[in-house]
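Residue-level structure breakdown
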Amino acid sequence: HQLNHWLGEQQADDGGFLATSIMPFGDIHSTAQALHSLSILGHDLSSIKQTSLAFICDHYQDRGGFTAHCRELQADPSSTYYGLMALGLIDDYLSL
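Residues numbered from 1 in each chain as written. Predicted model: local features only at pLDDT ≥ 70, side-chain atom pairs only at ≥ 80, totals over all residues. Heavy atoms only, no water.

Broken down by element type, the protein chain carries 4 helices and 2 strands. The N-to-C order of helical and strand elements in the protein chain reads α-β-β-α-α-α. Against the 2.2 N^0.38 benchmark of 12 Å for 96 residues, the protein chain shows a C-alpha radius of gyration of 12 Å, consistent with a compact globule. Reported as C-alpha extents along the three principal axes, the dimensions of the protein chain are approximately 40 × 30 × 20 Å. (Helix = DSSP H or I, 4+ residues; strand = E, 2+ residues; numbered from the N terminus. Rg over C-alpha atoms; globule rule 2.2 N^0.38 Å.)

Spelled out as structure tokens, the structure:
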């Protein structure tokens, strides 16, 4: 499916998915939304599970919560929601 292919191409080198072409790194919101879209389309997420999980884990804060992207230093409720959503979509979890 063409949409599956296009969404797959939006995965950045850091394992997350791009919010926009001018931002060369993934963000947690776009990652959760892309994983959700791929899931709706019936895409097998196992091929991107490890890279996605590494990206999500990199954005988890030891004090709790998730940051939006690599240039954010503090967690926020919206990014935490999307981080948890992304974990659920790839059937994994963190010891929170």
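So, about the packing of aromatic side chains. Given two aromatic rings, one states the distance between the centres and the angle between the planes to describe the pair. This structure, assessed with the given rule, holds 2 aromatic pairs. Judged by centre distance (5.0 Å) and plane angle (80°), the rings of Tyr81 and Tyr82 are edge-to-face. Exposure remark for Tyr81: the relative accessible area of 52% places this residue in the exposed category. (Phe/Tyr/Trp six-rings, centres within 6.5 Å; stacked < 30°, edge-to-face > 60°. Buried < 20%, exposed > 50% of the residue type's maximum accessible area, 1.4 Å probe, protein only.)

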